[in-house]
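Next come the chains, spelled out residue by residue.
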Amino acid sequence: MTKWIGTLAFGAVMALAASACQDGVGNTDLVDEAALRADVALVAADAMFEDLSLMQEPPVLALMAAGPELAGAEGGGTGTKAKQVTFFDQDGKVQDSYDRLATASMAVVWDFTRAAEQTFWSASVTRHREMTITGLLGEEAEHTWNGTGNGVVARSRHPEGGVVRTYDMTSDVVIADVVKGLPRADNPYPKSGTITRHIKAVVSKDGTVVGERDLTATITFNGSQFATVTVGADTWQVDLSQGGLRGIFRKKG
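Residues numbered from 1 in each chain as written. Predicted model: local features only at pLDDT ≥ 70, side-chain atom pairs only at ≥ 80, totals over all residues. Heavy atoms only, no water.

**Things to note about the pairing of strand S8 (residues 163-181)**
One face of the sheet, then the other: side chains in a regular strand alternate in exactly this way. Pairing of strand S7 (residues 142-160) with S8 involves 16 bridges; the strand directions are antiparallel. When the sheet's bridge partners are listed, Val152 is paired in S8 with Thr170. Between S7 and S8, which follow one another and run antiparallel, lie two residues, and Gly161 among them has a positive phi close to 65 degrees. Where S8 meets strand S9 (residues 192-205), 12 bridges bridge the pair, whose relative direction is antiparallel. Bridge assignment links Val173 to a residue of S9, and that residue is Arg197. (Pairing = 2+ DSSP bridges. Helix = DSSP H or I, 4+ residues; strand = E, 2+ residues; numbered from the N terminus.)

Laid out in structure tokens, this is it:
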């Protein structure tokens, strides 16, 4: 029988399945490697939900380009967002505005900050994205998103009973061929593609740095409501239908 794990218990349960230390420095006795991988997966999933929230349809992006700077934040907490949208024709020339028939692609730059405050996780988050959407010409059956970005998750706290794991994380992200089918009502989840984050985590205990680790978190989409999150040798599933970290994870294997 498959057991689904609520996010509140995510770090605690994942820590039970340890394997393979990550490359890094510090006292390995003071770094819970399995819990670290689980916490990195959680942070990567949080960022993924932000990525998906930015992948709006062209008319919506066009309205964003014409409107004021955005305020607010996804995934809980408070924050601010700023954006820049550019339109291109099929020859790669910049257009003054979105044209439903002539716009071939769009580029979106996002910058946002957020203070995440949840029962199982809190942090100060800063992220930057540069993304493109293609497949806009002709009879549109799907749109493809690609992009890069970076982020800082400072003072990331993950309570587990009487223990609080604390990290400072910096990351680079590659969004590769994330395909979203049309119409969206019939294709609510990405059909394919990956989002890969290379994360450097500085681990602290009682205010003292006890180790540094470099990890890679890869999220893979397959058209279903469940995306796969892989960190090292560990793999989880995250329920995209929840729209955020209030969702549930399942440890695979």
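**Notes on the pattern of salt bridges**
Applying the stated criterion across every chain, the model contains 13 salt bridges. Its salt-bridge partner being Arg165, residue Asp39 comes within 2.6 Å of it at the nearest N-O pair. On the criterion of sequence distance, the pair formed by Asp39 in helix H2 (residues 33-54) and Arg165 in strand S8 is long-range, its members being 126 residues apart. Across the pair, exposure class does not vary: Asp39 and Arg165 are buried alike. Each of Asp46, Glu50, Arg114 and Arg127 takes part in one network of salt bridges that share partners. (Salt bridge = Lys/Arg side-chain N within 4 Å of Asp/Glu carboxyl O. Buried < 20%, exposed > 50% of the residue type's maximum accessible area, 1.4 Å probe, protein only.)

**Description of the packing of aromatic side chains**
Counted under the stated rule, the structure contains one aromatic pair. Their ring planes at 45 degrees and their centres at 6.2 Å tell us that Phe87 and Tyr98 sit as a pair that is tilted. Residue Phe87 is found in strand S3 (residues 78-88), and its partner Tyr98 is found in the loop between strand S4 (94-95) and strand S5 (105-118); the two are separated by 11 residues along the sequence. With relative accessibility at 6%, the residue Phe87 sits in the buried group. Look at Tyr98 and you get partly exposed, because its relative accessible area is 22%. (Phe/Tyr/Trp six-rings, centres within 6.5 Å; stacked < 30°, edge-to-face > 60°.)

**A closer look at the environment of Tyr189**
Assignment of secondary structure puts Tyr189 in the loop between S8 and S9. Along the sequence, Tyr189 and Phe221 sit 32 residues apart, while their C-alpha atoms lie 8.0 Å from each other. Residues in contact with Tyr189, not counting those within four places in the same chain, are Gly223, Ser224, Gln225, Leu240 and Ser241. (Contact = heavy atoms within 4.5 Å.)

**What to know about the side chain of His143**
Here His143 shows up in strand S7. Its relative accessible area of 1% is what places His143 among the buried residues. At a separation of 2.4 Å, a polar atom in the side chain of His143 contacts the side chain of Glu140. Apart from the residues within four sequence positions on either side, His143 is in contact with Glu57, Pro58, Ile133, Thr134, Gly135, Leu136, Val178, Val179, Lys180 and Leu182. (Polar contact = N/O pair within 3.5 Å; in protein donor to acceptor, adjacent residues only side chain to side chain.)

**Some details on the pairing of strand S6 (residues 121-134)**
By the bridge criterion, 14 bridges tie S5 to S6 in an arrangement that is antiparallel. Each bridged residue has a counterpart across the sheet, and for Ala116 the counterpart in S6 is Ala123. Remark: two residues form the turn of the hairpin made by S5 and S6, two consecutive strands paired antiparallel. Pairing of S6 with S7 involves 12 bridges; the strand directions are antiparallel.

**Topic: the environment of Ala176**
One can find Ala176 in strand S8. Judged by relative accessible area, which is 26%, Ala176 ranks as partly exposed. Spatially, the C-alpha atoms of Ala176 and Gly147 are 6.8 Å apart, while their sequence positions differ by 29 residues. Setting aside residues no more than four positions away along its own chain, Ala176 makes contact with Trp145, Asn146, Gly193 and Thr194.

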